[in-house]
Amino acid sequence: MVLAVFAATFAITAVWAHADAAPSRSSVPAPRWIVVSGSVPGLVEAGLPQSILDQANNPSTLLLVQHVYTNSYLPNGTPTFNYRSTVDLTRALRTGQVPDSMPWLMLDLEASSLTPEGEQRDPIGALRGALAVAHRHSKQLIFAPAVDLMNVLEPGLSGDALYKAFIDRLVTPGAAIADGFEIQSQRTEATEYATSFVKAAVQAAYAVHPPGAPVLAGVSTNPNGRQVSADDMVTVYNAAKTAGATGYWLNIPGGGAECPNCGEPQYDVAVEFLEKISSNPGPPTETGFPTVFPTETGLPTETGLPTAIPTGRPLS
């Protein structure tokens, strides 16, 4: 596999200077889980154990929301806005739509109508602009570019060539400047790239990432509407953890305009996944990064707990 040796060959790229410094990381809880806040009731109804809820109930769980509210199941989670364009993020910050109490924002650029064509053609330029605005407003930004951006940047790629190009064009330059980086590895679940891509991407991010910046990986109960098992999710989770990932984005998509093939949210698969990773600490890391990352609240990441998901749009 070509991907198996990618991380060892990445040269460290220059870090672009920001017009405004990012807020101090020591004052902001590092994200360990990301989940749509509106999905939490479905997880509870599907039988999520109270012990897992209790462990996730802390500021290191980012709850994706469309408006700020207190999640009754995870009241100590951190409400977080996820933007599909720098234009929307900039407008929200400049018009006072983002509360001072929200430390993290996400920029999730994709090859869709929700991301302007110019940002699809130059996602790193869009990231630089978003970072400058976010830092002026004392926010930290997690960059979560979709792999489908390669359909715009280098159309026609597939397999190893696709994932190598994504790492070269988006992971390496993006992780070098972002406050946090999330790898949308869920698309590889139940495929031959389930372990190789996320390992190479996490290691590439660490090769250039600012010290202490989080690197997260995505898992999904039904990526792009494909049926996968909890074990398929665990495979990607363990590969990311072995490579040194510090957190995870648990996606539980449902049918809608953004994912017409997703069908009903698979909460039972999510619960089974969380129970499996909570009962099994998983493999040690290969990079020397700790497998348990203490937080200001004392929650270790090896529990595999989800963070809340934002209400509204389904994510995959």
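As shown above, the structure is provided for reference.
Because the structure is a prediction, the values reported are computed rather than measured.

Enquirer: Residues and numbers for the packing of helix H6 (residues 123-136) against helix H8 (residues 159-177), please.
Expert: In contact at an axis separation of 10 Å, H6 and H8 are set at 15° when each is read in the N-to-C sense. One way to sum up the angle between H6 and H8 is to call them roughly parallel. When you trace H6 past H8, the crossing you get is right-handed. Contact residues: Pro123, Ile124, Leu127, Arg128 and Leu131 in H6; Arg169, Leu170, Pro173, Gly174 and Ile177 in H8.

Enquirer: Outline the pattern of salt bridges, listing residues and values.
Expert: Side chains that differ in sign of charge can pair as their charged atoms come close. This structure, assessed with the given rule, holds seven salt bridges. For arginine 121, the salt bridge is made with glutamate 117, and the minimal N-O distance between the two is 3.7 Å. Residue arginine 121 and its partner glutamate 117 are located together in helix H5 (residues 117-121), separated by four residues, close to a single helical turn. Summarising the burial analysis for this pair, arginine 121 and glutamate 117 share the class exposed. For the salt bridge of aspartate 231 with lysine 276, the shortest nitrogen-to-oxygen distance reads 3.1 Å. Here aspartate 231 is found in helix H10 (residues 230-243), whereas its partner lysine 276 is found in helix H11 (residues 267-279), with 45 residues between them in sequence. A relative accessible area of 44% places aspartate 231 in the partly exposed class. Because the salt bridges share partners, they merge into one network encompassing Arg84, Asp108 and Glu110.

Enquirer: I'd like a rundown of the sheet that holds strand S7 (residues 215-220), residues and numbers included.
Expert: Spatially, the eight strands close up into a barrel ordered S1-S2-S3-S4-S5-S6-S7-S8, and their pairing is parallel. Ignoring which end each strand starts from, the neighbouring axes of this sheet average 30° apart. Sitting on the sheet, helix H4 (residues 86-94) is in contact with strand S3 (78-83), strand S4 (104-107) and strand S5 (140-143), with an inclination near 155° to S4. Packing against the sheet, H10 makes contact with strand S1 (33-36), S7 and strand S8 (247-251), and its axis sits at approximately 170° to S7.

Enquirer: Got a sec to walk through the packing of aromatic side chains? Specific residues and values, please.
Expert: By the definition in use, this model includes ten aromatic pairs. A ring pair is formed by tryptophan 33 and phenylalanine 273, whose centres lie 6.4 Å apart and whose planes are at 70°; its orientation type is edge-to-face. Placement of tryptophan 33 in strand S1 and of phenylalanine 273 in helix H11 is noted, with a sequence separation of 240 residues between them. Judged on exposure class, the residue tryptophan 33 and its partner phenylalanine 273 are both buried. Aromatic pair tyrosine 163 and tyrosine 193: ring centres 5.2 Å apart, planes at 50°, arrangement tilted. Of this pair, tyrosine 163 sits in helix H8 while tyrosine 193 sits in the loop between strand S6 (180-183) and helix H9 (196-208); the two residues are 30 residues apart in sequence, bridging distant segments of the chain. Per residue, the accessibility class of tyrosine 163 equals that of tyrosine 193, and both read buried. Aromatic rings pair up to connect Trp33, Tyr237, Tyr248 and Phe273 into one cluster.

Calculation notes
- Residues numbered from 1 in each chain as written.
- Predicted model: local features only at pLDDT ≥ 70, side-chain atom pairs only at ≥ 80, totals over all residues.
- Heavy atoms only, no water.
- Axes fitted to C-alpha atoms, helices over the stretch in contact; angles between N-to-C directions.
- Helix = DSSP H or I, 4+ residues; strand = E, 2+ residues; numbered from the N terminus.
- Parallel < 35°, antiparallel > 145°, perpendicular 65-115°, else oblique.
- Left-handed = near helix turned anticlockwise from the far one by under 90°.
- Contact = heavy atoms within 4.5 Å.
- Salt bridge = Lys/Arg side-chain N within 4 Å of Asp/Glu carboxyl O.
- Buried < 20%, exposed > 50% of the residue type's maximum accessible area, 1.4 Å probe, protein only.
- Pairing = 2+ DSSP bridges.
- Phe/Tyr/Trp six-rings, centres within 6.5 Å; stacked < 30°, edge-to-face > 60°.

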